Amino acid sequence: MTTIQSNLQRVHERIAAACAGAQRPVNEVTLLAVSKTFGPEAVREAFSAGQTAFGENYIQEAVEKIALLRDLPLQWHCVGPIQSNKTRLVAANFDWAHTVDRLKIAQRLSEQRPEGMAPLQVCIQVNIDGGATKAGASPGETLTLAQQIAELPRITLRGLMTIPEPAADFAAQKAVHLRAKALFEELREAGLAVDTLSMGMTADLEAAIEAGATMVRVGTAIFGGRPTA
Ligand SMILES: *Cc1c(COP(=O)(O)O)cnc(C)c1O
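Keep in mind it's a predicted model, so treat the numbers as computed, not measured.

Undergrad: I'm lost on the overall build of the chain in this one. Help?
TA: Scanning the chain from N- to C-terminus turns up 9 helices and 8 strands. Taking 2.2 N^0.38 as the reference for a compact globule, 229 residues should give roughly 17 Å; the C-alpha atoms of the chain span a radius of gyration of 17 Å, in line with that estimate. The dimensions of the chain, computed from C-alpha atoms along their principal axes, are 45 × 40 × 35 Å. Out of the 229 residues in the chain, the part that is buried amounts to 50%. For the chain, the proportion of contacts with a sequence separation of at least 24, taken over those separated by at least 6, is 58%. In the structure as shown, the chain presents an accessible area of about 10,400 Å², 52% of it carried by carbon and sulfur atoms.

Undergrad: Please explain the nonpolar core as it appears in this structure.
TA: Nonpolar side chains tend to gather and get buried jointly when the protein is soluble and globular. I15, I124, I149, V216, I222 and F223 are the most contacted members of the largest nonpolar core, which has 64 residues in total. The leading source of residues in this core is helix α1 (residues 3–21), at 6 residues. The contact partners of I15, leaving out residues within four places of it in the chain, are V26, V29, L31, L205, I209 and V216. Core analysis: the second largest hydrophobic core is formed by 8 residues, V34, A53, C123 and M215 among them.

Thresholds, definitions, all that
- Residues numbered from 1 in each chain as written.
- Predicted model: local features only at pLDDT ≥ 70, side-chain atom pairs only at ≥ 80, totals over all residues.
- Heavy atoms only, no water.
- Helix = DSSP H or I, 4+ residues; strand = E, 2+ residues; numbered from the N terminus.
- Rg over C-alpha atoms; globule rule 2.2 N^0.38 Å.
- Buried < 20%, exposed > 50% of the residue type's maximum accessible area, 1.4 Å probe, protein only.
- Contact = heavy atoms within 4.5 Å.
- Areas by Shrake-Rupley, 256 points an atom, 1.4 Å probe, with all protein chains shown as cover.
- Core = buried A, V, L, I, M, F, W, Y, C linked by side-chain atoms within 4.5 Å.

And the structure:
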């Protein structure tokens, strides 16, 4: 087995243990492998171990990688910032976008989604811990934004996504993730058909799963460390 393959196995074990601890069925949690900065060969290796959903941050890098991997049945998730001038590339290349945080971006994605493709699957990124300079809709405006996005024709609103600041310990991680879970439930109670709560990364996936995550986004634990900028 290659390193990536054995790493994947270990991540699946972590997810299974967290689900067992939280008394949740393991099939409630999808693993998104975040392959940013790693080349197409790393993605191929992960695919050969059964991984099909991949997340990318840098849109230009992603578009090149996606083109080189067209021969594989992969699902691509945009988890990086989406500026207005990048919406066309996202709409034309990705299956999901997790980082939509304002209506204008959602409208452009909907308008620019090519006719021949299925609707773009969208999560609203929420600034759940309130960092002043951080991306993400504020929790207070999220329900209204969700109701507006849900009306767009070429987009399917799937749920919420968060990237909290690193927290000191498990309890602190879980407390923040529980706030996202509460907001997610608010959307559902308002009648929105959302099913995805995208939160938890290498360092905090157990806390995220305990709090109700349905998709964890894991890079380092699968592909290894990334060069720091
Ligand atoms: C890089 C990244 C991840 C993966 O982070 P790791 O700590 O390497 O698991 C998840 N989500 C987003 C949005 C990222 O940018």
